[in-house]
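Here is how the chains run, residue by residue.
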Amino acid sequence: MADVEEKETVIIGGGPGGYVAAIRASELGQKVTLIEKGTLGGVCLNVGCVPSKALINAGHRLVDANDASVFGIETKPATIDFTKTQDWKQHAVVDRMTSGVKMLLQKHKVEVIDQEAFLDNDSQLRTMAVGPKQFMDNGGGQTIKFKNLIIATGSRPIEIPGFKFEKRVVDSTGALNLPEVPKELVVIGGGYIGTELAGAYANLGAHVTILEGTPSILPNFEKDMVSVVLKQLKNKGVDVITNAMAKKSVQDDKSVTVTYEVDGKATDLKVDYCLVSVGRKPNTDNFGLEMTSVKMDDHGLVEVDNQGRTNVKNIFAIGDIVAGPALAHKAFFEGKTAAGAISGKNTANDWVGIPAVCFADPELATVGLNQAEAKDKGLDVKTAKFPFAGNARAVSLDQPEGFVRLVYTKDDGNLVGGQIVGPGASDLISELALAVNSGMNVEDIALTIHPHPTLSEPIAEAADIAMGFPTHI
Ligand code: FAD
């Protein structure tokens, strides 16, 4: 057997959770080893948040180029060379960001092992080379005894019966890497990933059909928010079919036929590609976690306390493998908390609300509680809503759709949540996140001068409404 190496703090997985935990643990004086079997940056940087936003941006550029006549600008129809788009996305965006992570880890003297980790027990793991090298002696890897372990192995897409991921049936990774813009694309699952990619490909020129099994797409957002997005999807020619159960797919070299049922009636759609985006499952079943005493719940998520500590004192878990929304910024935060806890700091995952964003057209963003959730918690709340149609900046951008809504307690105006659908929602939600997490009330917002003319003003306008003194409505 190979020699056993002793290491202080070991992290499995170099995604948003793992690499941020590594940097923070190093800043706090730990000697850190990060094991990553794929590419640093994890799902988010390589096949998630970042490349999806790059394609969404490319789609917007194409639409803007073709839709300028309202401003008196006439253009020839713009065309797209999608090979160049994909090249730009990979090299100018993804590679640039992932090499940035590599540099940061080097700067923080984090040892990076580019192999796969397998746990032996509560204090030991083995690493193994990925690819042909794994057939070398001992898999080309090493045995490591760790003092502390942070598990950040992330998640992977769920496959559904009848839709095996191959060739023309793709998961989100496949959809981000298509060699061409499909003429016809079916998206199964209208959650945030499906809706974002449906919008992106519609803007890039595809005819898109979304098949959603429940009565509405984007079930995590409120109906009046979703209806703003549905209107825009309709304008783009996207067909949204709800209560639709995807049954099977049959492919040949050039197309795939998708069969779905609504109210027991079957329909076939022959398309170029079918994206299945019905959810993700945690990576907790494929690297020997069962060899440890770490407890998991019925969904395969690791059970942790508010520092990310499992029932085994020296093992922590963060990111998509623990409860809560599967979002990169949650993984960042949990990574910092776990690194702090290992270093003896009094850190905790004690947020009041995690912002959530869907980069649809227009963007949707929420933080904290909506009205129904607040009522369920026994809070007596009111709401104040201001439309982007009343905002000079949104109108001058020709993007007047959507609104800002504040949810606050009736007695003292304490802000418990907010929702934004409209231009710039992904950036604007940070103001509400700060307010909700700092325990501010609507008066604090109303008394903060918001620059004019900006998309942030509807937040202050909604606060004015809450105070009983509306201005521009
Ligand atoms: P991951 O990013 O999944 O990283 C886990 C890493 O662990 C991987 O690199 C993997 O190779 C490595 N690993 C796993 N097992 C082992 C092992 N045994 N040994 C060594 N290495 C291992 N979130 C947002 O906040 N905003 C967005 O806009 C957004 N858009 C998204 C779009 C898409 C298409 C997808 C799929 C996801 C999106 N997400 C978004 C979600 C976000 O990507 C995840 O929440 C985030 O990446 C989770 O981070 P993580 O560190 O937990 O895991």
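Values in this document were obtained by computation on a predicted structure and should not be read as measured data.

### So, the UniProt feature "binding site: FAD" (unreviewed entry) in the chain
- As recorded in UniProt, the feature "binding site: FAD" (unreviewed entry) lies at Lys53, Thr153, Gly154, Ser155 and Asp320. Of the residues just listed, which span 268 residues, the most distant C-alpha pair is 22.6 Å apart, and they do not cluster in one region.
- With respect to the helices, strands and loops of the structure, Lys53 is situated in helix H3 (residues 49–66).
- In this view, Lys53 contacts Glu196 and Phe359; residues no more than four positions away in its chain are not counted.
- The residue Ser155 is located in strand S7 (residues 155–157) in this model.

### Brief notes about H3
- The end-to-end C-alpha separation of H3 is 26 Å, in line with the 26 Å expected for 18 residues at 1.5 Å each.
- Every buried residue belonging to H3 is among Val50, Pro51, Ser52, Ala54, Leu55, Ile56, Ala58, Gly59 and Leu62, and all of these are buried.
- Each element contacted by the buried residues of H3 is listed here: helix H2 (42–47), helix H4 (82–107), helix H5 (172–176) and helix H6 (192–204).

### Some remarks on the domain arrangement of the chain
- Split by domain assignment, the chain resolves into domain 1 (4–156 + 281–342), domain 2 (169–278) and domain 3 (362–467).
- For domain 1 and domain 2, the distance between their C-alpha centroids amounts to 27 Å.
- Every contact between the two is made by 18 residues of domain 1 and, on the other side, 14 residues of domain 2.
- For the domain 1 and domain 2 pair, buried surface summed over both sides reaches about 1,300 Å², with 64% attributable to carbon and sulfur atoms.
- Broken down residue by residue, the surface that domain 1 buries against domain 2 is led by Val47, Leu55 and Phe82, which jointly contribute 37%.

### Description of the side chain of Ser426
- Tracing the sequence through the fold places Ser426 in helix H11 (residues 425–437).
- A polar contact of 2.7 Å, which involves the side chain of Ser426, links it to the side chain of Glu363.

Parameters at a glance
- Residues numbered from 1 in each chain as written.
- Predicted model: local features only at pLDDT ≥ 70, side-chain atom pairs only at ≥ 80, totals over all residues.
- Heavy atoms only, no water.
- UniProt positions renumbered as here; feature names shortened; annotations may be inferred.
- Helix = DSSP H or I, 4+ residues; strand = E, 2+ residues; numbered from the N terminus.
- Contact = heavy atoms within 4.5 Å.
- Expected span 1.5 Å × (residues − 1).
- Buried < 20%, exposed > 50% of the residue type's maximum accessible area, 1.4 Å probe, protein only.
- Domains from an automatic or database assignment.
- Buried area = accessible area lost by both parts, 1.4 Å probe.
- Polar contact = N/O pair within 3.5 Å; in protein donor to acceptor, adjacent residues only side chain to side chain.

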